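# Analysis of the macromolecular model
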Amino acid sequence: MIVQIDPVKPQIGGIVRISKADLCNPAVVEAVRSTLEERGVLVFPEIAVNDAEQLAFTDRLGERVNFTRRVPGSDSSANDVYKVTLDKEINNEPDYVLGTFFWHVDGATMDMPLPKATVLSGRALSSTGGATEFANLFAAYAALPAAEKAALECLSVVHTIEAGLRPVWGHPPPERLAPSPMQHPLVWTHADGRKSLLLGTHADGVVGMKAAHGRALLWRLQQWAAQPDFVYRHEWRQGDMVVWNNEGLMHRVEPYTDGHRAMHRTSIAGREKPGYIASPEAVAKTFEPV
Ligand SMILES: [Fe+2]
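We now turn to the structure provided with this report.

Definitions and cut-offs
Within each chain, residues carry numbers counting from 1 in the order of the written sequence. This being a predicted model, a pLDDT of at least 70 is required before a residue's local features are given, and a value of 80 or more before pairs of side-chain atoms are given or counted; all residues contribute to the totals for chains, interfaces and linings. With hydrogens and water excluded, all non-hydrogen atoms of the structure serve as input to the side-chain values. Working definition: a ring pair exists when centres of Phe, Tyr or Trp rings (six-membered ring for Trp) sit within 6.5 Å. Plane angles under 30 degrees give stacked, over 60 give edge-to-face, the rest tilted. To qualify as a helix, a DSSP run of H or I must reach at least 4 residues; to qualify as a strand, a run of E must reach at least 2; elements of each kind are numbered from the N terminus. We call a residue buried when its accessible area falls under 20% of the maximum for its residue type, exposed when it is over 50%, and partly exposed in between, using a 1.4 Å probe and counting protein chains only. Here, over-ring charges are defined by two tests on the NZ atom of lysine or the CZ atom of arginine: distance to the ring centre within 6 Å, and angle to the ring normal within 35 degrees. The donor set comprises N, O and S atoms within 2.8 Å of the metal, extended to 3.2 Å for Na, K and Ca; water molecules are omitted, so apparent gaps in a site may simply reflect that omission. We count a salt bridge whenever a side-chain nitrogen from Lys or Arg sits within 4 Å of a carboxyl oxygen from Asp or Glu. Here, strands pair whenever DSSP counts at least two bridges between them. In this description, a line fitted to the C-alpha atoms serves as the axis of each element, helices being fitted only across the stretch in contact, and the angle between N-to-C directions of two axes falls anywhere from 0 to 180 degrees. Roughly parallel means an angle under 35 degrees; roughly antiparallel means over 145; roughly perpendicular covers 65 to 115; every other angle is labelled oblique. Crossing chirality is assigned from the near helix's rotation relative to the far helix, an anticlockwise turn below a right angle marking it left-handed and a clockwise turn marking it right-handed. Note on definitions: a residue-residue contact is assigned when non-hydrogen atoms from the two residues lie within 4.5 Å. Ten residues, namely Ala, Val, Leu, Ile, Met, Phe, Trp, Tyr, Cys and Pro, are considered nonpolar, four, namely Asp, Glu, Lys and Arg, are considered charged, and the remaining ones, Gly among them, are considered polar.

### A look at the packing of aromatic side chains
- Under the counting rule described, the total for this entry stands at five aromatic pairs.
- Ring plane angle 10 degrees and centroid distance 6.5 Å describe the contact between phenylalanine 134 and tyrosine 232, whose orientation is recorded as stacked. Highlighted residues: phenylalanine 134 in strand S7 (residues 132-136) and tyrosine 232 in strand S13 (residues 231-234), separated in sequence by 98 residues. With respect to burial, phenylalanine 134 and tyrosine 232 carry one shared label: buried.
- Linked through ring pairs, Phe134, Tyr232 and Trp244 together constitute an aromatic cluster.
- In this arrangement the basic side chain of arginine 194 is found over the ring face of phenylalanine 138, its NZ or CZ atom lying 3.8 Å from the centre.
- Stacked on the ring of tyrosine 256, the Lys or Arg arginine 261 has its end atom at 4.5 Å from the ring centre.

Here it is in structure tokens:
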């Protein structure tokens, strides 16, 4: 079977032209796996999967993981499908959903291998807002000047849930904070030797720098990585499904208020763990103001 995947932009994005009946065909699964590395995010227009079909496809791509269950209060009956919605009847932690308005990498603040890939299907759309943007952190690193690459490669970054939720809460309540910030390399050398930046709103400071210096660097790099050449913006149509390489992309959603909007997310386990729990001393030093 020939699988047609059309590039969207030179540095990111692909459209997979298949019918739903072929979704779990081994040729499709293999093409998706390999093209995901190169294109970062793949779109299956209006394929209209249900949960069982999405889980079956997720299982073909790799080992299914519901890392959301690690979040206090998350719905343990979710059957590995996390429902991204502001409807409090369905998702009892809308502050985490509001946090997705800001660039992030799924799982970066958790002490576990980063999820390899994320599958997201559009079940109910909002009338305004709600497009999802993806930024290619491999391409963002590759395009840096050589001297800057060398300087950044030595740096470690402290990632906190607090920073990810600060835009939502201002000062997040204590029960929303994880006791153990993660420390990741700023430049992640993957097992296959490729390198990407590891960034997001949860990146809260650079080890060895005063707080303002570290955050200024991180925010400048985030803006660099979010420039149009590295970004694909997906305007959802009913039934669209996207898959992205969570290890090498950051993503965010354009703000929406519609409580009916619902996206169903499944995640594929990663094998690589770029960081570890930061020591309290490193965290304290990283957040020294002056
Ligand atoms: Fe996300």
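Once the structure has been displayed, the description carries forward.
### Some words on the coordination of the iron ion
- Every protein donor of the iron ion is accounted for by His104 (NE2), Asp106 (OD) and His251 (NE2), and the metal-donor separations fall at 2.2 Å.
- Counting residues between consecutive donors of the iron ion along the chain gives the motif H-x1-D-x144-H. Placement of aspartate 106 in the loop between helix H3 (94-98) and strand S6 (117-124) and of histidine 251 in strand S15 (residues 249-253) is noted, with a sequence separation of 145 residues between them. This pair shows no difference in class: aspartate 106 is buried, exactly as histidine 251 is.

### Remarks on the pattern of salt bridges
- With the rule as written, the count across this model stands at 23 salt bridges.
- Here glutamate 247 ties to lysine 116 by a salt bridge, and the two come within 3.1 Å at their closest N and O atoms. With glutamate 247 in the loop between strand S14 (241-245) and S15 and lysine 116 in the loop between H3 and S6, the pair connects residues that are 131 residues apart, well separated along the chain.
- Assessed through its relative accessible area of 24%, lysine 116 is described here as partly exposed.

### Examining the sheet that holds S7
- Taken in spatial order, the three strands of this open sheet run S13-S7-S15, and their pairing is antiparallel. Every interior strand has two partners, whereas the edge strands, S13 and S15, have only one. Adjacent strand axes in the sheet meet at a mean angle of 15 degrees when their direction is disregarded.
- One ladder, built from five bridges, connects S7 with S15; its direction is antiparallel. Bridged to asparagine 136 within S15 is leucine 249.

### Brief notes about the packing of helix H1 (residues 26-39) against helix H2 (residues 51-61)
- For the pair H1 and H2, the least separation of the axes is 10 Å and the interaxial angle reads 65 degrees. Put simply, H1 runs roughly perpendicular to H2. When you trace H1 past H2, the crossing you get is right-handed. From H1, Val29, Val32 and Arg33 reach across to H2, where they touch Phe57, Arg60 and Leu61.
- Here the residues of the contact of H1 with H2 are counted per class, giving four nonpolar, no polar and two charged.

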